[in-house]
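Results of the structural survey
What follows is each chain in one-letter form.
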Amino acid sequence: MNKRNNFGYKTQKKRNQSNKPYGKKRSALATQKGNKIQGKHSTINKHRGNKKKETLEVTCTGLSNEGKGIVQWEGKQLEIEHLLPGETAEITMSTSGRYVNSELKRIITPSKDRVRPICSYYYDCGGCQLQHMNEQAQKRFKQDTINKLMKPFGKPDPILTMDHPYDYRNKSHTTFGLNRERQIIGGLYAQNSHQLISMDRCLIHDPKADEIWKTIKDMMKSFKMQPFNEDTGRGFLRHVLVKVGKVSGEIMVVLVVASPIFKGKNNFVKALRKAHPEITTILMNVNNRDTSMVLGNQEKVLFGKGTITDTLCGMKFDISAKSFYQINPVQTEKLYSTAIEMAQLTGKETVIDAYCGIGTIGLIASQKAGKVIGVELNKDAVRDAIHNSKCNGVKNARFYQGDAGKFMVEMAARGQKADVVIMDPPRAGSDEAFLSSVVKLKPKRVVYVSCNPVTQARDMKYLVQNGYEVKDIQPVDMFPQTVHVECVSQIVLRDKN
Ligand code: SAH
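Residues numbered from 1 in each chain as written. Predicted model: local features only at pLDDT ≥ 70, side-chain atom pairs only at ≥ 80, totals over all residues. Heavy atoms only, no water.

1. As for the overall build of the chain
Under the convention used in this document: Every helix listed is a DSSP run of H or I at least four residues long, and every strand listed is a run of E at least two residues long, numbered separately from the N terminus. Residues count as neighbours in contact if any of their non-hydrogen atoms are within 4.5 Å of one another.
From N to C terminus, the chain includes 11 helices and 23 strands. Taking all contacts inside the chain whose residues are at least 6 apart in sequence as the whole, residues at least 24 apart take part in 64%.

Here you go:
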C-alpha cells in the first residue's frame, strides 16, 4: 500500500496494482522528467552515461510558470513538481548523461498554502497541477504569472476567479483499458503519457459526463465490447467523448471506435439512452489511425441531430463533435464580455474575428458592430459558425475557412480596412504573417484573447514595436486547479500612426 502523509502526498514508490492498466509501469510519485541542466556542469559531465541517484534537502524559493517549485542546486535552477515556496523538502535526484530527474520525496516544513488535494487521483493523474495549493495561493500564482509576463506592457487587472472552481468542464474524454485482472477500467491518461489512470470521478468534469462514461464502461462486458489497446492495435472502444450544454442541458456522447463495424450498435444505443434519457445525441467516430488524436475523420450519427446547442452571452450556439468550444462556459461569459467591452464598439465598425472557432465572439460582437468577418482553419467549426449566425438571425457576419495569417495577408494586399481585430489563437499564438498584416491594416484596436500568455506576450511585443500600445490586461481563471490561465488584452494604435 502507498503511504500518504497529511497532505495526501505518497511517500513510497509502490502503487495500487489494480489501478494499473495491463502490462504498463509508472512510478507512484509524480516525477519531473528530463529536467535539462543548461551549460557546462562538472557533476553532470562526471556522470555522463552513468546513472546516479542521490537524496538532497532543498528549500523552495518560488514557482515556475508551470507551477513547479524552484530550488537552487549547485548553482543551477531546478523545478520540482508539487513543492511550494518556503517549503524545505527532501528530493531525490537521478542524473543520467546531461539530464537530471528530480522528484519530491518528503516535505519537511510545509507551507501554510498547502492543502490536501480533494481529488484522490491528483498525484497520479497530473491533469490538474495546483490542487495542493489553497484557493488564495492558486489565485496569487496565476496573478503573479500574468504580472511577470505582462510587466513590459503595464499592470494587469486582478484575475477574475470562479465561485465554484470544480465541475466546470463541459467536455471530457475518457479512455478504456484492462487492469491486471483483465477487468475493464476507464479513466484519463496521466499527463504527457499514455498511462491510463483508472478513476470514477474527475472533480473538474461535469458530474453527468462521468456518470455516462461509467455506464458505458459497465455496459461493455455484456456487449462484448473490448477496450482498444494501443500497443497491439486490438480492441474496439478507444474513447468516450461527452459534451454537455451547461445552459441547455443537451448532452452529446461520441463513441470513438477503432473500426466502422459496430456489432449490436442499435441495442447499445437503446440501452445507453434507457440508462441516460438526458442524452440528446449519440455519434460514432471511427479512429483507426495510430495516433494520439482522440477523434478520427469518419463520423456517423447514431441518434439525435449530431450536435448540441448551448447558450452563451444570450446567443445560441450549435456545437459539433470536432469543433472547438470553450470548456468553461461560466468563465467564458466573463471572458467574452470583457473582450467585447475592450473592443468599444459603436455599431459602425468592421470587426475581424480571427481564429473564430464556431463564431462565438464574432456573433456576440455582431450585435454592436457594423460588420463582422470571421476566419477559422477548421472547416467543421466554420460550418457551425455559418449555421450559428443563421440560427441567431445575424445578418452582418461572414465566416471564411482558412489560415488566419494568410487571410489577413490577402486582406492587406487588397487594401481592405478593419476597425477592430479580435484575435483568439491557439496555444502556439499567432504568426508573423498575421501580425504584420495587422500592422498594415492598422485597425484602431486589437483585442487579444489567449489561453497561453507566454505567446500572447511575445505577439504583443511585436505589435508594441510596430505602432501599438497596450491599454488593458485582464486575466481570467478559465481552468481552476490547473496551471493554465486565460488573458485578454486591449491594444490600441498609437496616435501618431
Ligand atoms: N474564438 C473561438 C476559438 C478559439 S480556439 C472561441 O472562443 O471559441 C482557437 C481556434 O483557432 C480553434 O478553433 C482552431 O481551430 C483555430 N486555428 C488554429 N490555427 C489556425 C490558423 N492558422 N488559422 C485560423 N484558425 C486557426
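2. Some thoughts on the sheet that holds strand β22 (residues 468–476)
Rules: Paired strands, in this sense, are two strands between which DSSP finds at least two bridges. Here, axes are lines fitted to C-alpha atoms. For helices the fit covers the stretch in contact, and angles between N-to-C directions go from 0 to 180 degrees.
The 7 strands are arranged β19-β18-β17-β20-β21-β23-β22 in an open sheet whose pairing can be described as mixed. The open sheet is flanked by β19 (397–401) and β22, the only strands paired with a single partner. Between one strand axis and the next, the sheet turns through 15 degrees on average, direction left out of account. Pairing analysis gives 4 bridges linking strand β20 (residues 420–423) to strand β21 (residues 445–450), with the strands arranged parallel.

3. What to know about the packing of helix α9 (residues 404–413) against helix α10 (residues 432–441)
Two numbers describe a pair of packed helices, the interaxial angle and the distance between the axes. Where we set the bar: The labels follow the angle: roughly parallel below 35 degrees, roughly antiparallel above 145, roughly perpendicular from 65 to 115, and oblique for the rest. Should the near helix be turned anticlockwise from the far one by less than a right angle, the crossing is left-handed, and should it be turned clockwise, the crossing is right-handed.
At a minimum axis separation of 8 Å, α9 and α10 run at an interaxial angle of 30 degrees. As far as their axial angle goes, α10 and α9 are roughly parallel. Relative to α10, α9 is oriented so that their crossing is left-handed. For the pair formed by α9 and α10, the contact residues are A404, G405, M408, V409, M411 and A412 on the first element and A433, F434, S437, V438, K440 and L441 on the second.

4. Quick look at the packing of aromatic side chains
Applicable threshold: Pairing of aromatic rings covers Phe, Tyr and Trp, the last through its six-membered ring, and needs centres within 6.5 Å; plane angles under 30 degrees mean stacked, over 60 mean edge-to-face, and all others mean tilted. Exposed residues in this analysis have more than 50% of their type's maximum accessible area, buried residues have under 20%, and partly exposed residues fall in between, with area computed by a 1.4 Å probe over protein chains only. Charges are assigned to positions over rings by a cutoff of 6 Å between ring centre and Lys NZ or Arg CZ, combined with an angular limit of 35 degrees from the ring normal.
Counted according to the given criterion, the structure contains 7 aromatic pairs. Taking the centre distance of 6.1 Å and the plane angle of 70 degrees together, the rings of F176 and W213 count as edge-to-face. With a gap of 37 residues between them, F176 in strand β8 (residues 171–178) and W213 in helix α4 (residues 207–222) connect regions that are remote in the sequence. Using a relative accessible area of 2% as the deciding quantity, one classes W213 as buried. Three or more aromatic residues joined by ring pairs make a cluster, and in this case those are F223, F236, F262 and F268. Sitting over the ring of F303, R273 keeps its end group 3.7 Å from the ring centre.

5. Focus on the UniProt feature "active site" (unreviewed entry) in the chain
Note the cut-off: UniProt positions are given in the numbering used here, feature names are shortened, and annotations may be inferred rather than shown by experiment.
Listed under "active site" (unreviewed entry) in the UniProt record, and renumbered for this structure, are C451. When you line up the elements, C451 lands in the loop between β21 and α11 (453–465). Discounting residues that sit within four places of it in the chain, C451 has contacts with P425, P426, R427, V485 and E486.

6. So, the nonpolar core
The criterion, for reference: Definition used in this section: a nonpolar core is a set of buried Ala, Val, Leu, Ile, Met, Phe, Trp, Tyr and Cys residues joined via side-chain atoms within 4.5 Å.
Membership of the largest hydrophobic core comes to 59 residues, with the highest contact counts inside it found for V254, F317 and I422. Per-element accounting of this core gives the leading share, 6 residues, to helix α6 (residues 329–343). Beyond its immediate chain neighbours, meaning those up to four positions away, I422 contacts A343, V351, I352, D353, A354, I361, A365 and V447. Counting residues in hydrophobic clusters, the runner-up holds 33 residues, among them V375, F434, L435 and L463.

7. Quick notes on the side chain of T455
Selection rule: Think of a polar contact as two N or O atoms within 3.5 Å of one another; within protein, one of them needs to be a possible hydrogen donor and the other a possible acceptor, and neighboring residues in sequence only count if both atoms come from side chains.
In this fold, T455 is placed in helix α11. For T455, the side chain forms a polar contact with the main-chain oxygen of R427, separated by 2.9 Å. When near neighbours in sequence (up to four residues on either side) are disregarded, T455 contacts R427, A428, G429 and Y448.

8. So, the site of the ligand
To keep things clear, this is the line we draw: Throughout, near means a residue has at least one heavy atom within 4 Å of the molecule or strand. For this classification, Asp, Glu, Lys and Arg are treated as charged, while Ala, Val, Leu, Ile, Met, Phe, Trp, Tyr, Cys and Pro are nonpolar and the rest, including Gly, are polar.
Near the ligand lie 16 residues; those nearest to it are Y336, E376, D403, A404 and D424. Y336 places a side-chain nitrogen or oxygen 2.5 Å from an oxygen atom of the ligand. One of the side-chain N or O atoms of T360 is found 3.4 Å from an oxygen atom in the ligand. Here the shell around the ligand is built from residues that sort into 8 nonpolar, 5 polar and 3 charged.

9. Looking at the packing of helix α3 (residues 135–150) against α11
The contact between α3 and α11 brings their axes to 10 Å, and the two run at 20 degrees. Comparing the axis directions of α3 and α11 gives the class roughly parallel. In the packing of α3 onto α11, the handedness of the crossing is right-handed. In this structure, α3 uses I146, L149 and M150 to contact α11, whose residues at the interface are P453, V454, Q456, A457 and M460. Its residues assigned to classes, the contact of α3 with α11 comprises 7 nonpolar, 1 polar and no charged.

10. Comments concerning the UniProt feature "binding site: S-adenosyl-L-methionine" (unreviewed entry) in the chain
As recorded in UniProt, the feature "binding site: S-adenosyl-L-methionine" (unreviewed entry) lies at Q326, Y355, E376 and D424. Structurally, Y355 is set in the loop between β17 (350–354) and α7 (360–366). If we ignore the near neighbours within four places in the chain, the residues touching Y355 are V375, E376, A404, M423, D424, P425, P426, S430, D431 and F434. By the secondary structure assignment, D424 is in the loop between β20 and α10.

11. A short note on the sheet that holds strand β4 (residues 69–73)
In space, the 3 strands of this open sheet follow the order β3-β4-β5, with antiparallel pairing throughout. Each edge of the sheet is formed by a strand with only one pairing partner; in this case those strands are β3 (62–63) and β5 (76–80). With 2 bridges connecting them, β3 and β4 associate as antiparallel partners. Within β4, the residue paired with L63 across the bridge is G69.

12. Details of the state of the cysteines
The line we're drawing: Here, the term disulfide refers to a pair of cysteine sulfur atoms separated by no more than 2.5 Å.
Summed over all chains, the structure comprises 0 disulfides. Free cysteine C125: the closest other cysteine sulfur is in C202, separated by 6.5 Å.

13. Some remarks on helix α8 (residues 379–391)
Filter applied, for reference: One less than the number of residues in a helix, times 1.5 Å, gives the span that helix is expected to have.
Between its terminal C-alpha atoms α8 stretches 18 Å, which fits the 18 Å expected from 13 residues at 1.5 Å a residue. Where α8 is buried, its residues meet β16 (315–319), α7, β18 (371–376) and β19. Of the residues that open α8, the one with a side-chain oxygen 2.8 Å from the backbone nitrogen of D380 is N378.

14. Describing the pattern of salt bridges
Between side chains of opposite charge, a pair can form when the charged atoms approach closely. For clarity, the threshold we go by: Definition used for salt bridges: Asp or Glu carboxyl oxygen within 4 Å of a side-chain nitrogen of Lys or Arg.
This structure, assessed with the given rule, holds 15 salt bridges. In this structure, D206 and K246 form a salt bridge, with 2.9 Å as the shortest nitrogen-oxygen distance. Here the residue D206 occupies a position in the loop between β10 (196–198) and α4, and K246 occupies one in the loop between β11 (237–244) and β12 (251–257), the gap between them amounting to 40 residues. Since its relative accessible area comes to 8%, D206 is described here as buried. Owing to a relative accessible area of 31%, K246 belongs among the partly exposed residues under this scheme.

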